Amino acid sequence: MKVIVGTKEEVVRKAAQRYVELLNRKPEAVLGLATGSTPLDLYAELARLCAEGKLSFAKAKSFNLDEYIGLEGTHDQSYRYFMDHNLFEHIDIRPENTHVPSGFVKDDAEAELYDAEIAAAGGVDLQLLGIGNNGHIGFNEPLTPFTSLTHIVKLTESTREANKRFFNSIDEVPTHAVTMGIHTVMLAKSIILMAFGTGKAEIIKATVEGRPTISVPASLLQLHEDVEVYLDHDAASLLS
Ligand code: F6R
């Protein structure tokens, strides 16, 4: 793992340059994308570079990590809605080239078709990841098998509780989500993991310096040959 530390602004600018290099070299690149608060500044920077003509997504394809089960893309808490509003509407990607897992798959066999779609597009060139406080990547919580493909997960009560602030009541918070699996993520040619703030410092230490274990899903990224970890000084503060 290559670790890049700086102010949030600095590392966001550096990460954005990865997209400039990749899309200049390979305009039809396949991008793996994430939701959450972590990628927001990067998405704003990509939109800015696109508006300035330094970056084009016109031929690119994207595949998002995850989606809630049962939420239409028009629901303001769906990850499709998040992506449309925070990135896709601000860059020149073609809407038909953007993919978010369907929140209406009925079982894992249907969910796995997403892996086939990614493979048919040529595989992910650059996968962007945030990290949960417990080391989850996508919705792959601790102990998710290393071999997992895109699958349905039952959300823990603590995750539902944490997300209830975005809904009218806990009853409206979805009980399940669909997520790329660990294996799906590991198939990406290159991976960027980003984390900001002291709240992520402990899990970043376990991810970067601990031994790889399914108890900390992100630590398994040590087994991938091309991973860059972009951290602000707070998230990096416990690294030796
Ligand atoms: C988002 C995702 C999650 C988040 C993680 C961190 O698509 O799959 O794994 O990356 O929960 O969330 P934030 O960025 O909000 O701290």
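It should be noted that the structure appears before, not after, this text.
These figures come from a predicted structure and were not determined experimentally.

1. A short note on the packing of helix 1 (residues 8-25) against helix 2 (residues 40-51)
Helix 2 packs onto helix 1 with a crossing angle of 55° between their chain directions and a minimal axis gap of 9 Å. On the basis of the axis angle, helix 1 is oblique to helix 2. Considering the relative orientation of helix 1 and helix 2, their crossing is right-handed. Here helix 1 contributes Lys8, Val12, Arg13, Ala15, Ala16, Tyr19 and Val20 to the contact with helix 2, which in turn contributes Asp41, Leu42, Glu45, Leu46 and Leu49.

2. Topic: the pairing of strand 7 (residues 151-154)
Here strand 7 shows a clear split, with His151 and Val153 buried on one side and none of Ile152 and Lys154 buried on the other. Taken together, the 4 bridges between strand 7 and strand 8 (residues 176-179) define a ladder with antiparallel strand orientation. Note that in strand 8 the partner of histidine 151 across the bridge is threonine 179.

3. Description of the pattern of salt bridges
Evaluated as defined, the whole model comprises 15 salt bridges. Between aspartate 41 and lysine 8 there is a salt bridge; the shortest N-O distance is 3.5 Å. Linking aspartate 41 in helix 2 with lysine 8 in helix 1, this pair joins segments that are 33 residues apart in sequence. Note on aspartate 41: relative accessible area 37%, which makes it partly exposed. On the basis of relative accessibility, which here comes to 30%, the residue lysine 8 falls in the partly exposed class. Its salt-bridge partner being glutamate 52, residue arginine 48 comes within 2.8 Å of it at the nearest N-O pair. If you follow the salt bridges from partner to partner, you end up with Glu45, Arg48, Glu52 and Lys54 in one network.

4. Brief notes about the packing of aromatic side chains
Summed over all chains, the structure comprises 5 aromatic pairs. Residues phenylalanine 63 and tyrosine 114 carry aromatic rings whose centres are separated by 5.6 Å and whose planes lie at 70° to one another, so their mutual orientation is edge-to-face. Here the residue phenylalanine 63 occupies a position in strand 3 (residues 61-64), and tyrosine 114 occupies one in helix 5 (residues 113-120), the gap between them amounting to 51 residues. Classification of tyrosine 114 by relative accessible area gives buried; the value is 5%. Seen from their ring centres, tyrosine 68 and phenylalanine 139 are 6.1 Å apart, and the 50° between their planes marks the pair as tilted. Taken together, the residues span a long stretch of sequence, with tyrosine 68 in strand 4 (residues 66-68) and phenylalanine 139 in the loop between strand 6 (126-129) and strand 7 at a distance of 71 residues. Take phenylalanine 139: its relative accessible area is 6%, and that puts it in the buried class. Cluster of aromatic residues (ring-pair linked, three or more members): Tyr68, Tyr79, Phe139 and Phe167.

Quick notes on the rules
- Residues numbered from 1 in each chain as written.
- Predicted model: local features only at pLDDT ≥ 70, side-chain atom pairs only at ≥ 80, totals over all residues.
- Heavy atoms only, no water.
- Axes fitted to C-alpha atoms, helices over the stretch in contact; angles between N-to-C directions.
- Helix = DSSP H or I, 4+ residues; strand = E, 2+ residues; numbered from the N terminus.
- Parallel < 35°, antiparallel > 145°, perpendicular 65-115°, else oblique.
- Left-handed = near helix turned anticlockwise from the far one by under 90°.
- Contact = heavy atoms within 4.5 Å.
- Buried < 20%, exposed > 50% of the residue type's maximum accessible area, 1.4 Å probe, protein only.
- Pairing = 2+ DSSP bridges.
- Salt bridge = Lys/Arg side-chain N within 4 Å of Asp/Glu carboxyl O.
- Phe/Tyr/Trp six-rings, centres within 6.5 Å; stacked < 30°, edge-to-face > 60°.

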